[in-house]
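Results of the structural survey
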Amino acid sequence: MNTLSNKKVGTFILSIAVWGFAIVMIYPLLWLFSSSFKHTTDVYVLAHQLIPTHFYWENYVNGFKGFAGHSFLLFFRNSLYVTVLSVIGTVIASTMAAYAFARIRFPGSSFWFACMMLTLMLPGEVLIIPQYMLFNKLDWINTFWPLIVPSFAGGAFFIFLLVQFMRGIPIELDESARIDGCGRFHFFAKIMLPLIVPAIVTTAVFKFIWTWDDYFAPLLYLNSAEKATVSLAIKSMADPTMETDWGALFAMSVLSLVPVIAVFIGFQKYIVDGISTTGLKG
Amino acid sequence: MRWLRNPDLYAGYAFILPWLIGLFVFSLFPIFFSLYLSFTDYDILSSPEWIGLGNYKEMFTDDPRFVKSAKVTLLYVFVSVPLRLSFALGIAVLLNMKLKGSSILRSFYYLPTLMGGSVAVIVMWGQLFGMNGAFNSLLKSLFGIQVSISWITDPSTALGSLIALSVWQFGSAMLIFLAGLKQIPASLIEAAKVDGAPAWQRFIRITLPLLSPVIFFNLVMGIIGGFKVFSEGMILTGGGPHDQTLFYVIYLYETSFRFLHMGYGSAMAWVLLLAVCLLTALVFRSSSLWVHYESKGNG
């Protein structure tokens, strides 16, 4: 009996410790949220307080005015445009390539599959300068094309994920469809696609978060305020050479996280499963 | 020429066509072209000028900032990755004990990772650890310690605060560990319990070896990701103060796009590629010493 109650006490203490540390972990995020309601002059007075002494909603109004004469609406529209098109491109090209690798035995397929696995490990930094030159030649600097067009070639990680998923779908399905006179394209569109929806959702969700958060490509290719994505806009507002309205900046920071949080709430299962089973970086 | 009449040939290439075009245009051509550029002096305005191994020679013999950036990045990787994995493993083991509300806890621990990639959260981190930020304010009101430095801009703590930002985001690794822990047969743990093995021994003798392939995977991904760290440093410190946080990719970016030394930048990119390959190969080689792969069929 004694050991049993000891064990209960132990579990209880452990629970408190794990919960306590969880609060420490999300404290910075709560602080960001609460600071978005504090007047700029209050943000750094009793800075650690999570409940503002006085709610200053105007931060959201002031922040939304943006900078350089462009409202935050424009930056959101830019980010959304880039992100949605990138997701569409990635999903289309990746599912197509994955289907070929998983189901069609064509000459050269294993060679190209090996090439794809190699690009998976390749640090993208080695490609940046020639890609920049290419887009410069095409006169695409300060347009959204360099951020969108490469997505229409799919992504190695996603192709791999989709191939793995398709391999779990019984091959007998293909054979019986073929006997019924169903062609490859028809089979892909009508039978395969509905069956791999979970893997497609995982692909779309991760591509969405990565593109929404991306800072490097917009920094490299976009150089005018009217083309700025949300990431660039937030960084510009935090420019140390200017006086920053921190309350307004935190308000826009919170808004910039809303799509990511919404995706997490809506597709939590896909995100957790995606990371757990394939090691996708969240 | 019978294979030309194979309908699968056309179907296969039709399906991989978008990816294949992308492979040539966005990967194969750039990788060989950057190799070529690495042997040249090139500023995008005039045409590349062949200088042989000049860039590589300069890097290792005549560029203290290059050496500094390599050192900073290595330090960052070798401190942040083990710390992050330790936290991930520790919390995963605790969450696996099925405490009350463990699915909410899992979300809480994952949230920093989910949002940590965004510029908003990186900027927030800078304010949190700023001179008048919440961290110093907490130190003062909880422990009465008066600290009047900005952790981000003080040369002795700048790198540490970026490492802390990276360790804070152990959520993905934690989820992978949790999935790994679920694979460990409960019967093994039970058997050890019956034999009277204490908890820490069960952890070291059973959990760790069975989890080692997952640790290995997280380690490889962590190292590769760590070498490519950019946004955090670029946004928070810009590589400063005094190059204390001059990450390799920040220096590469500055060299290539601020000073337009694109030949030199390409050479740096190739050194990064080789370093990542080398380290990954080393980890793979050493893995046979400590990664336990279950042999099939001998229960």
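The rules behind these values
- Residues numbered from 1 in each chain as written.
- Chains lettered and ligands numbered in written order.
- Predicted model: local features only at pLDDT ≥ 70, side-chain atom pairs only at ≥ 80, totals over all residues.
- Heavy atoms only, no water.
- Domains from an automatic or database assignment.
- Contact = heavy atoms within 4.5 Å.
- Buried area = accessible area lost by both parts, 1.4 Å probe.
- Salt bridge = Lys/Arg side-chain N within 4 Å of Asp/Glu carboxyl O.
- Polar contact = N/O pair within 3.5 Å; in protein donor to acceptor, adjacent residues only side chain to side chain.
- Helix = DSSP H or I, 4+ residues; strand = E, 2+ residues; numbered from the N terminus.
- Nonpolar A, V, L, I, M, F, W, Y, C, P; charged D, E, K, R; others polar.
- Patch = residues over 30% accessible without salt bridge, like charges linked within 9 Å, V, L, I, M, F, W, Y side chains within 5 Å.
- Areas by Shrake-Rupley, 256 points an atom, 1.4 Å probe, with all protein chains shown as cover.
- Buried < 20%, exposed > 50% of the residue type's maximum accessible area, 1.4 Å probe, protein only.
- 1 Å grid on protein atoms, 1.4 Å probe; cavity = no way out; pocket = protein on both sides within 12 Å on 5 of 7 lines; lining within 4 Å.
- Points joined across faces, edges and corners; volume = space filled by probe spheres on them.
- Core = buried A, V, L, I, M, F, W, Y, C linked by side-chain atoms within 4.5 Å.

All names here are of chain A. Considered domain by domain, chain A is made up of domain 1 (2-62) and domain 2 (68-278). Of note, the centres of domain 1 and domain 2, computed from C-alpha atoms alone, are 33 Å apart. Contact residues are listed per partner, giving twelve residues for domain 1 and twelve residues for domain 2. In this assembly, domain 1 packs against domain 2 so that about 940 Å² is buried in total across both faces, 77% of it on carbon and sulfur atoms. There are zero salt bridges connecting domain 1 and domain 2. Linking domain 1 to domain 2 there are two residue pairs in polar contact (both at pLDDT 80 or more). Secondary-structure elements contributing two or more residues to the side of domain 1 that touches domain 2 are α1 (2-35), α2 (40-43) and α3 (58-64). Of the residues that constitute the side of domain 1 that touches domain 2, the class distribution is six nonpolar, five polar and one charged.

Residue and element names in this part refer to chain A. Together, L30, L50, I51, F55 and W57 make up an exposed nonpolar region whose accessible area comes to about 510 Å². Along the chain, the position of L30 falls in helix α1. Under the relative-accessibility criterion, L30 is labelled partly exposed at 36%.

To continue, consider empty space enclosed by the protein. Under the definition given, this model contains one cavity of 30 Å³ or more. Approximately 50 Å³ is the volume found for the largest cavity. Around the largest cavity, the lining residues are W212, D213, V230, S231, I234 and S256 of chain A together with S118, V119 and A120 of chain B. Counting only elements with at least two residues in the lining of the largest cavity, the list comes to α11 (197-213) and α13 (230-237) of chain A together with α5 (119-128) of chain B. For the lining of the largest cavity, the element with the most residues is α13 of chain A, which contributes three residues. Tallied by class, the residues present in the lining of the largest cavity amount to five nonpolar, three polar and one charged.

This part covers the nonpolar core. Counting residues in hydrophobic clusters, the biggest one holds 185 residues, and the most contacted among them are F101 and I271 of chain A together with W19 and Y109 of chain B. The biggest single contributor to this core is helix α4 (residues 72-103) of chain A, with 14 residues. Split by domain, this core shows at least three residues from each of two domains, domain 1 (2-62) and domain 2 (68-278) of chain A. The residues touching W19 of chain B, leaving out its near neighbours within four places in the chain, are A97, F101, W112, M116, A153 and I159 of chain A.

Summed over all chains, the structure comprises seven salt bridges over all chains. Taking the shortest distance from any N to any O, the salt bridge between D273 of chain A and K269 of chain A comes out at 2.9 Å. Taken together, the residues D273 of chain A and K269 of chain A, both in helix α14 (residues 246-278) and four residues apart, mark about one turn of the helix. The partner of D243 of chain B in a salt bridge is R65 of chain B, with the nearest N and O atoms 2.9 Å apart. Within this pair, whereas D243 of chain B is found in the loop between α11 (231-236) and α12 (248-258), its partner R65 of chain B is found in helix α3 (residues 64-95), the two being separated by 178 residues in sequence. Taking relative accessible area as the criterion, R65 of chain B reaches 28% and is therefore assigned partly exposed.

Okay, the interface of chain B and chain A next. Tallying the contact residues gives 91 residues for chain B and 87 residues for chain A. Summed over both sides, the interface of chain B with chain A buries roughly 7700 Å², with 81% coming from carbon and sulfur. Interface area lost by chain B to chain A is led by F15, W19 and F26 of chain B, which between them contribute 12%. Linking chain B with chain A are one salt bridge. The tally of links between chain B and chain A comes to 13 residue pairs in polar contact (both at pLDDT 80 or more). Top element by residues in the side of chain B that touches chain A is helix α1 (residues 7-37) of chain B. It accounts for 23 residues. Tallied by class, the residues present in the side of chain B that touches chain A amount to 66 nonpolar, 21 polar and four charged.

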